[in-house]
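Structural overview for review
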Amino acid sequence: MKNKKLLYTLAIGTVILFSLGWLLLYRAFFVNNYEGLFFAAFLYLCAFGFFYFLVVLEHNRRILHLVCSFGMMGAVFLGKDHLMPSFLVWAVIMASCVVAIERIKTEQYNRINIDIYRILKRGVPVIGTAFTLLVAAGFYFSVANLQKVGHVPRINIKISTETTRIAFKIVDIVMPNDEISWVLEGVTVDEYFRKILRSQDISLEGTVLEEIRNEVDDEIRAQREAGIEREVWERERMIVEKNRAMLADKLQIELDGNERIDDVLNNLINKRANDLINGQVIVSEMLPIGSAVALFVSIRSIVWISNVILFWTISGIFSILVKLGKIKVVKEVREIENIEI
């Protein structure tokens with residue numbers, strides 16, 4: 001890169017942002033009981049943005065290897081009392097990052113036209129997986145460290161009700177149905193179960209009438225026919241209460257039926273998400289490797305989505321800089337070898 005000022009800005013910025021991210025992650029894992037992870041994720045996102053831009057613009061691969069190595073070096077300290085194993089994990093993963101950078105540059109130099117998305121796509125998934133493995137390894141060491149003192153941590157995920165509503169709206173657009181529309185209306189728990197019951201093909205009133213017809217005792221049959229509305233209402237109430245009790249049991253909370261169903265479903269989603277990422281409620285007998293694998297699987301998709309967003313963002317910024325004349329794309333004539341027989 002001829003512009004040394006931009007080179008230093010991207011390289012130093014990448015290392016600093018990654019280092020700060022590892023510092024915050026260390027504090028989250030070993031000091032703050034797994035709280036404050038959002039800001040660390042934001043720093044990592046910015047760091048990867050700087051690094052991917054540097055990978056595209058810089059031709060010296062040794063510089064790219066060094067920046068990647070120093071940027072990821074902070075992951076070693078997540079080992080805390082296990083620095084040597086942590087260093088070995090870092091070394092192996094850095095080897096895969098070197099391979100990923102080589103793939104990116106090979107793709108870049110063998111393309112007829114510059115396409116940032118396709119260039120980065122050749123190696124970024126490997127770098128994303130390597131980064132996720134470093135985070136999972138750090139989490140493993142933190143769990144192993146806490147297990148020594150008889151305390152096993154639990155990661156708490158909080159998905160907002162608004163996020164859940166947006167998800168339901170998307171599902172309702174793709175596959176509209178009454179049950180989702182009732183959730184979006186914000187009906188109460190009892191109203192929700194009552195609507196489901198009344199929407200079924202089998203009529204509750206018809207079921208009660210059939211039972212009355214089969215009643216042998218004429219006097220009892222007459223009494224039941226006179227109070228059929230009350231009996232249908234009572235049967236409906238019992239079914240609704242039974243469904244409400246089942247939902248309360250899943251959430252392990254008390255429900256009186258007046259809660260909004262979207263809030264309750266949001267709590268259920270949060271519970272399932274936390275059970276998943278914590279290995280169905282991590283217990284002291286669970287091996288740290290199990291929780292690390294659960295974390296890796298959980299955040300790998302988040303990293304993948306973030307990388308796709310970065311692909312397009314960097315591609316857009318690159319196009320703007322080319323149009324402004326800050327970056328020049330030069331066509332070169334290259335000699336190639338051919339075999340003739």
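Since the structure is predicted, the reported quantities are computational estimates derived from the model, not experimental observations. (Residues numbered from 1 in each chain as written. Predicted model: local features only at pLDDT ≥ 70, side-chain atom pairs only at ≥ 80, totals over all residues. Heavy atoms only, no water.)

Here the focus is the packing of aromatic side chains. Applying the stated criterion across every chain yields a total of 17 aromatic pairs. Between the aromatic rings of F39 and F42, the centroid separation amounts to 6.3 Å while the plane-to-plane angle is 15°, which identifies the pairing as stacked. One end of the pair, F39, and the other, F42, are both in helix α2 (residues 37–57), 3 residues apart, so they sit about a helical turn from each other. Overall, F42 belongs to the partly exposed group, its relative accessible area being 44%. Geometrically, the ring pair formed by F48 and F131 is edge-to-face, given 5.1 Å between the ring centres and 90° between the ring planes. Of this pair, F48 sits in helix α2 while F131 sits in helix α6 (residues 124–148); the two residues are 83 residues apart in sequence, bridging distant segments of the chain. Across this residue pair, the class does not change: F48 and F131 are buried. Each residue in the set F18, W22, Y44, F48, F51, Y52 and F131 is aromatic and connected to the rest through ring pairs, giving one cluster. (Phe/Tyr/Trp six-rings, centres within 6.5 Å; stacked < 30°, edge-to-face > 60°. Helix = DSSP H or I, 4+ residues; strand = E, 2+ residues; numbered from the N terminus. Buried < 20%, exposed > 50% of the residue type's maximum accessible area, 1.4 Å probe, protein only.)

We now examine the packing of helix α3 (residues 61–72) against helix α4 (residues 83–109). Where α3 meets α4, the axes come as close as 10 Å, and the angle between the chain directions of the two elements is 145°. As for how α3 packs across α4, the hand of that crossing is right-handed. Judged by residue contacts, R61, L64, H65, C68, S69 and M72 of α3 engage W90, M94, C97, V98, I101, E102, K105, T106 and Y109 from α4. Classifying every residue of the contact of α3 with α4 gives 9 nonpolar, 3 polar and 3 charged. (Axes fitted to C-alpha atoms, helices over the stretch in contact; angles between N-to-C directions. Left-handed = near helix turned anticlockwise from the far one by under 90°. Contact = heavy atoms within 4.5 Å. Nonpolar A, V, L, I, M, F, W, Y, C, P; charged D, E, K, R; others polar.)

For any two helices packed against each other, the geometry is given by the interaxial angle and the distance between the axes. Here helix α1 (residues 4–30) crosses α3 at 20°, and the two axes come no closer than 8 Å. Comparing the axis directions of α1 and α3 gives the class roughly parallel. Of the two possible hands of crossing, α1 and α3 adopt the one that is right-handed. Two secondary-structure elements touch here, α1 through L7, A11, T14, V15, F18, S19 and W22 and α3 through I63, V67, F70, G71 and M72. (Parallel < 35°, antiparallel > 145°, perpendicular 65-115°, else oblique.)

Attention now goes to a nonpolar patch on the surface. On the surface, Y8, I12, I16, L20 and L23 cluster together into a nonpolar patch covering about 490 Å² of accessible area. Inspection of the secondary structure puts I12 in helix α1. (Patch = residues over 30% accessible without salt bridge, like charges linked within 9 Å, V, L, I, M, F, W, Y side chains within 5 Å. Areas by Shrake-Rupley, 256 points an atom, 1.4 Å probe, with all protein chains shown as cover. Salt bridge = Lys/Arg side-chain N within 4 Å of Asp/Glu carboxyl O.)

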